[in-house]
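# An overview of the molecular structure
Listed here are the chains, written in short residue letters.
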Amino acid sequence: MFVDSHCHLNFPELAENLDAILDKMRQNQVGCALVVSVDMDDWPGLMELVRPHTHLFASVGVHPDYEKVTEPTVQELVTLAQDPKVVAIGETGLDYYRLQEPLEWQRERFRTHIRASRESGLPLIIHTRSASEDTIAIMRQEQAQLAGGVMHCFTETWEVAQAALDLNFYISFSGIVTFKNATQLQDVAQRVPLDRLLIETDSPFLAPVPYRGKTNNPALVIHVAEKIAELRGISVKEVEEASTENFFRLFNKVRL
């Protein structure tokens, strides 16, 4: 089976059609999905969505883009992470693309999540955009390698990927890798060790070719696998098996 290692099924454009989306997942052999938290106020609703479904799991955390929202403490994150359905901390990280300094609040939030990840023993889901130098620096300072995790929706250079790999992190590719102009990312997708690679949709965003511009959903993660297989000159089955095995190794709290 395929696994979507990062999606937002609780976002309105997907939650309103959940039954149909779950059916599409079955049709495309997507047997598991991780529904990722971005906001503490929305987290109870996310948990309500995943709880009835044996193949859906959750994270707990606050996205770096969300400025004026409820800030969790380390202990709050650790406590919530004890729920059997919660298998990761995040998404967290740094995003300098839309926001301007002073951004110390964003860096402190990132540190909080890394500390919660280390204390809870759960892997970290990291988002980084236009902030890779600071992201890697804080990961090193806070010893994120002791927790491990994934650089989700990776769009950075091979040098950033190497630094993350050295810190015990996996690299996850989204539909962006299928875009014609994503040549730098496609190079990274060829070079990341197969046993450290994950696939995701980040749905409802970033639908892969040939669905680019449309609402994305976890059933389309197969197109990410197909592109990576093409780039690496291997079978889709090999990407499927490796990425699924990697998912269960990293998110080892998942029980189907």
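Residues numbered from 1 in each chain as written. Predicted model: local features only at pLDDT ≥ 70, side-chain atom pairs only at ≥ 80, totals over all residues. Heavy atoms only, no water.

For the chain, the name recorded in an unreviewed UniProt entry is TatD family hydrolase, with Alcaligenes ammonioxydans as its organism.

### Topic: the packing of helix H6 (residues 132-141) against helix H7 (residues 158-166)
The description of two helices packed together rests on the angle between their axes and the distance between the axes. Short version of the rule: Inter-axis angles, ranging from 0 to 180 degrees, are taken between N-to-C directions of lines fitted to C-alpha atoms, where helices are fitted over the stretch in contact. Only runs of H or I of at least four residues qualify as helices and only runs of E of at least two qualify as strands under DSSP, and these elements are numbered from the N terminus. Here the angle decides the label: under 35 degrees means roughly parallel, over 145 means roughly antiparallel, 65 to 115 means roughly perpendicular, and every other value means oblique. Residue contacts are counted whenever heavy atoms from the two residues lie within 4.5 Å of one another. Ten residue types, Ala, Val, Leu, Ile, Met, Phe, Trp, Tyr, Cys and Pro, are classed as nonpolar, four, Asp, Glu, Lys and Arg, as charged, and the remainder, Gly among them, as polar.
Close contact between H6 and H7 brings their axes to 11 Å; oriented N to C, the two are set at 10°. Relative to H7, H6 is oriented roughly parallel. Residues Ser-132, Ile-136 and Arg-140 of H6 form the contact with H7, whose own contacting residues are Val-160, Ala-163 and Ala-164. Residues that form the contact of H6 with H7 fall into these classes: four nonpolar, one polar and one charged.

### Here we look at the state of the cysteines
Note the cut-off: Any pair of cysteine sulfurs within 2.5 Å is marked as a disulfide. Only protein chains enter the accessibility calculation, which uses a 1.4 Å probe; a residue whose area is less than 20% of its type maximum is buried, one above 50% is exposed, and one in between is partly exposed.
Within the structure shown, the criterion is met by zero disulfides. Cys-32 provides the cysteine sulfur closest to Cys-7, a residue in no disulfide bond, and the two sulfurs are 9.3 Å apart. With no disulfide partner, Cys-153 has as its closest neighbouring cysteine sulfur the one in Cys-7, 13 Å distant. Note on Cys-153: relative accessible area 12%, which makes it buried.

### Considerations on the environment of Pro-193
With respect to the helices and strands, Pro-193 occurs in the loop between helix H8 (183-191) and strand S8 (197-199). For the pair Pro-193 and Glu-245, spaced 52 residues apart in sequence, the C-alpha separation works out to 13 Å. Setting aside anything within four residues of it in sequence, one finds Pro-193 in contact with Leu-165 and Arg-232.

### Description of the layout of surface pockets
Space left empty within the atom packing is revealed by a probe, the size of a water molecule, rolled over the atoms. Applied cut-off: As defined here, a cavity is a set of points on a 1 Å grid over the protein atoms alone where a 1.4 Å probe fits but cannot get out. A pocket is an open set with protein on both sides within 12 Å along at least five of seven lines, and residues line them when an atom is within 4 Å of a point. Grid points are joined across faces, edges and corners, and a volume is the space filled by probe spheres set on the points.
Here the largest pocket defines a volume of roughly 580 Å³. Lining the largest pocket we find 22 residues, and of these His-127, Arg-129, Cys-153, Asp-202 and Leu-206 sit closest to its centre. Elements with a minimum of two residues in the lining of the largest pocket: strand S4 (86-95) and strand S5 (124-129). Looking at the lining of the largest pocket, the element that brings in the most residues is S5, giving three residues. Here the lining of the largest pocket is composed, by residue class, of eight nonpolar, seven polar and seven charged.

### Points about the packing of helix H5 (residues 104-120) against H6
Keep this limit in mind: Take the far helix as the reference: if the near one is turned anticlockwise from it by less than a right angle, the crossing is left-handed, and if turned clockwise, right-handed.
At a minimum axis separation of 10 Å, H5 and H6 run at an interaxial angle of 40°. Taken as axis vectors, H5 and H6 run oblique relative to one another. Classified by chirality, the crossing of H6 by H5 is right-handed. Across the interface between the two elements, Arg-107, Phe-110, Arg-111 and Ile-114 from H5 touch Asp-134, Thr-135, Ile-138, Met-139 and Gln-141 from H6. Residue composition of the contact of H5 with H6, by class: four nonpolar, two polar and three charged.

### Quick notes on the environment of Phe-248
Within the fold, Phe-248 resides in helix H10 (residues 236-250). For Phe-248, a relative accessible area of 26% translates into the label partly exposed. The sequence separation of Phe-248 and Val-3 amounts to 245 residues, and the corresponding C-alpha distance is 9.3 Å. Ignoring any residue separated from it by four or fewer positions in sequence, one finds Phe-248 in contact with Met-1, Val-3, Val-254 and Leu-256.

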